[in-house]
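Letter by letter, the chains look like this.
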Amino acid sequence: MTTIRLHNTRTRKREDFVPISADDVRMYVCGPTVYDRAHIGNARPVIVFDLLYRLLRHVYGPGHVSYVRNFTDVDDKINARAAESGRSIGEITAETTRWFLQDMAAVGALEPSLKGAEHDRAMPRATAYIDEMIAMIQDLVSKDHAYAAEGHVLFRVRSYAEYGALSGRSVDDMIAGARVEVAPYKEDPMDFVLWKPSDAETPGWDSPWGRGRPGWHIECSAMAEALLGDTFDIHGGGNDLTFPHHENEIAQSKCAGHGFANVWMHNEMLQVEGRKMSKSLGNFFTLNDLLEQGVPGEVIRFVFLSTHYRKPMDWTDKKRDEAERVLRKWYTQVAGDETTAPPAEAVDLLADDLNSHGVLTLCHRLSGENDVAGLRGALVLLGLLDDKIPDWAVEQAYDLTDVEAFLSDARVTAMETKDFAEVDRIKTALTALGIEVQMSKDGVKLKAPPGFDGTGLEGVL
RNA sequence: GGCGAGUUGGCGGAGUGGUUACGCAGCGGAUUGCAAAUCCGUGUACAGGAGUUCGAUUCUCCUACUCGCCUCCA
């Protein structure tokens, strides 16, 4: 069996991956807070961990992998969005969740699944696990790892000696550098909220500490335990979550007596044209914006896969264009073929800490060798190809036979008279329309650009 | 200030203790009426310094620079 090697943030080393149970390999990835469209950066962890999910399914079998990704549907940003828009929270979270799934499906991400369970249980909504969160908080309070104060419940960070191990910082350093306004009810500035009170307008649930809502960190700890058990294999997310989110998850779960995750994986951030994406720089856009502009999801995925997940990735128009050209070529090449197992070399590359770029390089080679089956298998493994070639890459059906004949006739005449003026005129005009003109001994061949509808041809004939 | 990741040819981007991939662009050639497409060929780049070593781009340390995180942003 292929040995997968993964970089573990916890140990800062690339390690052989040994699942707790090869019968059910379990992975948890932090999902979105559903208050708005997913921006392009949100797609990176989704694509990265989708790739890992596909690799795990390939190595251990599709029925032997459990992958959970949550939706955070209780959050102050959602509350704020509801207040400013006048819409209900339920409406906003339902719509945003739908958008998220559509956008991620467009970039080839499989939906998570849980071995032996209903499919949608693998994508838990935080609000469906409030009872589990309350139970976990009660447990932490009973073990003295948490305390109630003024309607809040706070995690006592000093009670967990290992706090900071994942992100490599000491509690004292954190306090020294913290720009935190310390709430008066906190025993220690580093303590974080497990539960907070809700007023009448804010969503809330009854609890031993009064009506309130959970803090963000406890959600993932509770849902991971409920769905994957108290010890599982891989926990993933963007590297901006390493601290404090993942550090806090570890503290909560470990103190509750769970083994929690063995391997921690973090993807690097995404930049746009060399700069951090932000609304103030005007380079902020959503996945949906790109899709609406006609950028195919496969092209977006290709660009993401062309940089290793642990390196910063830059989204540029140049990369987008190049990705489209390459994919169009490959898709044309593998069209009509049957999908077979991916080349072992492709699997090995991916197994080496997800060397997706290496697999793309291999695809270039397979394409050059015209190894259609290998190329197709590799593309399927990468999630760049399903059963059929995407519509945008299918050779355009626009019939140019008449034009080909017309040009061919003119060319035959020109060959005799040695006067190529008319042929050149036609060629130039066709090229201006975006049509690719190929002339050889065998005759004339024309290729219409994507979406060509014949407009402008009357001026040529 | 602390912590983390990164720095490879014109651009993108892999990888390796000892001849550095691959893609794009460029250049040369084949082919073509000319092109396009295709094919062939072509590039002495590994941030700087010190150390370990017979030998380092690859390991260690230091410096510089870039990016991210430091209470809820993937």
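Look above for the structure.
Predicted model only: the values in this text are computed from it and were never measured.

Below, the discussion takes up the overall build of chain A. Scanning chain A for helices and strands turns up 15 helices and 15 strands. Based on the C-alpha atoms only, the size of chain A along its principal axes is roughly 95 × 55 × 45 Å. Per-residue burial over chain A gives 50% buried out of 461 residues. Taking all contacts inside chain A whose residues are at least 6 apart in sequence as the whole, residues at least 24 apart take part in 74%. Side chains of chain A carry 50 positive and 72 negative charges; the gap between the two charge centres is 4 Å.

Our focus in this paragraph is unusual backbone geometry. The omega torsion across Phe243 and Pro244 is 0 degrees, close enough to zero to call that bond cis. Positioned with a positive phi, Asp144 is a non-glycine residue whose angle comes to about 70 degrees. Relative to the elements of secondary structure, Asp144 occurs in the loop between α4 (130-142) and β5 (146-149). Of note, the phi angle at Lys418 is positive, near 65 degrees, even though the residue is not glycine.

Using the criterion set out here, one finds ten aromatic pairs in the structure. For the ring pair Phe302 and Trp330, a centre distance of 6.0 Å and an interplane angle of 50 degrees mean the geometry is tilted. In this pair, Phe302 is assigned in helix α9 (residues 297-305) and Trp330 in helix α10 (residues 317-334), connecting sequence segments 28 residues apart. A relative accessible area of 9% means that Phe302 is categorised as buried.

Take the protein's contact with RNA strand B next. Residues in close proximity to RNA strand B total 50 residues, the closest being Lys77, Ser167, Gly238, Leu241 and Met439. Elements supplying a minimum of two residues to the surface near RNA strand B: α5 (171-177), β9 (231-238), α10, α12 (356-368), α14 (401-417), α15 (421-432) and β14 (436-440). In terms of residue count, the dominant contributor to the surface near RNA strand B is β14 (four residues). Tallied by class, the residues present in the surface near RNA strand B amount to 13 nonpolar, 18 polar and 19 charged.

Reading guide: rules and limits
Counting restarts for each chain: residues are numbered from 1 in the order of the written sequence. Labels follow written order: the first chain is A, the first ligand is 1, and so on. pLDDT decides what is reported in this predicted model: residues at 70 or higher carry local features, side-chain atom pairs at 80 or more are listed and counted, and totals for whole chains, interfaces and linings draw on all residues regardless. To obtain the side-chain values, all non-hydrogen atoms of the structure were used and water was disregarded. Under the DSSP-based scheme used, a helix requires at least four consecutive residues in state H or I and a strand at least two consecutive residues in state E, with every element numbered from the N terminus. Any residue under 20% of the maximum accessible area for its type is buried, any over 50% is exposed, and the rest in between are partly exposed; the area is computed with a 1.4 Å probe on protein chains only. In what follows, residue pairs with any heavy atoms lying within 4.5 Å of each other are defined as contacts. Counting rule for charge: Lys and Arg are taken as positive, Asp and Glu as negative, and neither His nor the chain ends is counted. Where a charge lies is defined by one atom per residue type, namely NZ (Lys), CZ (Arg), CG (Asp) and CD (Glu). Each Phe, Tyr or Trp ring, with Trp reduced to its six-membered ring, pairs with another whose centre is within 6.5 Å; inter-plane angles below 30 degrees give stacked pairs, above 60 give edge-to-face pairs, and intermediate values give tilted ones. Consider each residue's heavy atoms; a residue with any of them within 4 Å of a molecule or strand counts as near. In this classification, Asp, Glu, Lys and Arg are treated as charged, Ala, Val, Leu, Ile, Met, Phe, Trp, Tyr, Cys and Pro as nonpolar, and every other residue, Gly included, as polar.

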